[in-house]
Amino acid sequence: SMSTPSVDSRELRNALGRFATGVCIVTTRTADGRKAALTVNSFCSVSLDPPLVAWYLNDRAPSLPVFRASDYFAVHVLAADQQHLASHFARPSEDKFASFSERIETGLGDVPVIGDTLARFECRRAAIETYGDHVMILGHVERFSYGSESPLLFHAGRFIEHSTTA
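Note that residues are indexed from 1 along each chain, following the sequence as it is written. Restriction of local features to residues with pLDDT of at least 70 applies here, the model being predicted, together with a cutoff of 80 or more for giving and counting side-chain atom pairs; totals for whole chains, interfaces and linings are based on all residues. Excluding hydrogens and water, the side-chain figures rest on all heavy atoms present in the structure.

**Re helix H3 (residues 83-90)**
Three exposure classes are used, based on accessible area relative to the maximum for each residue type with a 1.4 Å probe and protein chains only: buried under 20%, partly exposed in between, and exposed over 50%. Here a strand is any run of E in DSSP of at least two residues, a helix any run of H or I of at least four, and the numbering for each starts at the N terminus. Along H3, the positions that sit buried rather than exposed are Leu85, Ala86, His88 and Phe89. Seen end-on, H3 carries its buried residues on one side only, within an arc spanning 165°. Here, the arc refers to the directions that run from the helix axis to the C-beta atoms.

Here is the structure:
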């Protein structure tokens, strides 16, 4: 078997952090009514035909069982002025939706969706696979919407302020 040179995982994290990403909130609800939401920056487009997107969740995440038990999820891409939403949904809480009830609507598969985000992708789960210490959740996009504001960006472990230049 080929031996792999050992990689310093902290330094690898620093290097990967040079890749600026958008910031998303992913939401779901199981058939028995359990809800989950979390902030991620691991979202990506996989295919336009069929319309597939993916995101990754740590295999020790408390919300993983809820996502495993759910057939639908929604990915919300945040706008530059929505850092408060990113921070709120990143923190553990009994009901992350309670303080935002006026902004929560019901999406496909009875999934709670957040109004007024930069883009939203409502997905039927297509696959779920474990890779290393993360689980990849692949979704088939069934409905989406988007706006024109600037995105919230995450780089080198923190949100970054930026301006759009013409």
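**Examining helix H1 (residues 9-16)**
Taking burial as the measure, the 8 residues of H1 include 0 buried ones, a minor fraction of the element. The backbone nitrogen of Arg10 has a side-chain oxygen 2.9 Å away, supplied by the residue at the start of H1, namely Asp8. As used in this structure description, the phrase polar contact means that two N or O atoms lie within 3.5 Å; if the pair is within protein, one of them must be able to donate a hydrogen and the other to accept it, and residues adjacent in sequence are counted only when both atoms belong to side chains.

**A word on a nonpolar patch on the surface**
A contiguous nonpolar patch, built from Val7, Leu12 and Leu16 and spanning about 300 Å² of accessible area, is present on the exposed surface. Here Leu12 is to be found in helix H1. Each patch is built from residues lacking any salt bridge and having more than 30% relative accessible area; the joining distance is 9 Å for like charges and 5 Å for nonpolar side chains (Val, Leu, Ile, Met, Phe, Trp, Tyr). Note on areas: Shrake-Rupley with a 1.4 Å probe; residue coverage comes only from the protein chains shown. Each salt bridge in this description consists of a side-chain nitrogen of Lys or Arg and a carboxyl oxygen of Asp or Glu lying within 4 Å of one another.

**Details of the pattern of salt bridges**
Here the structure, examined in full by the defined rule, presents 8 salt bridges. A salt bridge links Glu122 to Arg120; the shortest N-O distance between them is 3.8 Å.

**Some details on the sheet that holds strand E11 (residues 153-155)**
Between any two strands, at least two bridges found by DSSP are needed for them to pair. A sheet is described by the order of its strands in space; here 3 strands give the open sequence E1-E11-E12, paired in antiparallel fashion. The outermost strands of the open sheet, each flanked by one partner alone, are strand E1 (21-22) and strand E12 (158-160). Taken together, the 2 bridges between E1 and E11 define a ladder with antiparallel strand orientation. Residue Thr21 lies in a different strand from E11, and its bridge partner there is Phe154.

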